[in-house]
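# Report on the structure
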Amino acid sequence: MPEKTLFEKIRDREIPADIVHEDDHCLAFRDISPQAPLHILVVPKKAIPRIASASEDDARLLGSLLIAAAAVAAKHGIADSGFRLVINNGRDGGETVPHLHIHLLGGRPLDWPPG
Ligand code: AMP
């Protein structure tokens, strides 16, 4: 059995997190190092390492992650003001946790392009 990822440990309640949403396929919790007033990670319960390793079989799951992210944004009152969804992939993409996650960022104007 491979070592669980950090986010699997959060999924399994082995590590505490401020969970704001859970459904059959995904979990959303506050980022421990927020980069915006609202910074939530939307994570599949299935341990897909990164978007580059997702397969056609994951298409439905990936869609439901995006829908969940938008619903979490709406629940936190930033659907109208706007928000950003980010997936970091690999070293140059800034990925630090090898378990696919969508960053939901909002609550302030966000610069573009990102650094
Ligand atoms: P990334 O750099 O795209 O892989 O994003 C990983 C994110 O996980 C970073 O924004 C971290 O701040 C966040 N993070 C790391 N450990 C925890 C934790 N225990 N609970 C919540 N967020 C975490």
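Up top is the structure.
This section reports on the structure supplied with the text. Position numbers for residues start from 1 in each chain and track the written sequence from start to end. Two thresholds apply to this predicted model, a pLDDT of at least 70 for residue-level local features and 80 or more for giving and counting side-chain atom pairs, whereas whole-chain, interface and lining totals are computed over all residues. Based on all heavy atoms of the structure, the side-chain values leave hydrogens and waters out of the count.

### Details of the side chain of His99
Along the chain, His99 turns up in the loop between α3 (90-93) and β5 (102-106). Counting of polar contacts relies on pairs of N or O atoms within 3.5 Å, with two restrictions inside protein: one atom must be capable of donating a hydrogen and the other of accepting it, and residues adjacent in sequence are counted only when both atoms are side-chain atoms. Here Thr5 takes part through its side chain, which lies 2.8 Å from a polar atom of the side chain of His99. At a separation of 2.9 Å, a polar atom in the side chain of His99 contacts the main-chain carbonyl oxygen of Pro44. Residues count as neighbours in contact if any of their non-hydrogen atoms are within 4.5 Å of one another. Sequence-distant contacts of His99, defined by excluding residues within four places in its chain, comprise Thr5, Phe7, Glu8, Val43, Pro44, Lys45, Lys46, Ala47, Ile48 and Pro49. Counting from the N terminus, the helices are the DSSP runs of H or I reaching at least four residues and the strands are the DSSP runs of E reaching at least two.

### Regarding the sheet that holds strand β4 (residues 83-86)
Strand pairing is assigned whenever DSSP identifies at least 2 bridges connecting the two strands. With respect to topology, five strands assemble into an open sheet ordered β1-β2-β3-β5-β4, the strand pairing being antiparallel. Because the sheet does not close on itself, it has two edges, and the strands there are β1 (19-22) and β4. Recorded for the sheet is a direction-independent mean angle of 20 degrees between the axes of neighbouring strands. Two elements, strand β2 (residues 26-30) and strand β3 (residues 38-44), share five bridges in a ladder whose sense is antiparallel. Bridged to Cys26 within β3 is Pro44. With axes taken as lines fitted to C-alpha atoms, and helix axes fitted only over the stretch in contact, angles between N-to-C directions fall between 0 and 180 degrees.

### Thoughts on the pairing of β2
For a regular strand, side chains alternate in direction, first toward one face of the sheet and then toward the other. The cut-offs for exposure are 20% and 50% of the maximum accessible area for each residue type, with area from a 1.4 Å probe on protein chains only; residues under the lower value are buried, those over the upper are exposed, and the others partly exposed. Of all five residues in β2, four are buried, a share of seventy percent or more. With three bridges joining them, β1 and β2 adopt antiparallel strand pairing. Bridged to Ile19 within β2 is Phe29.

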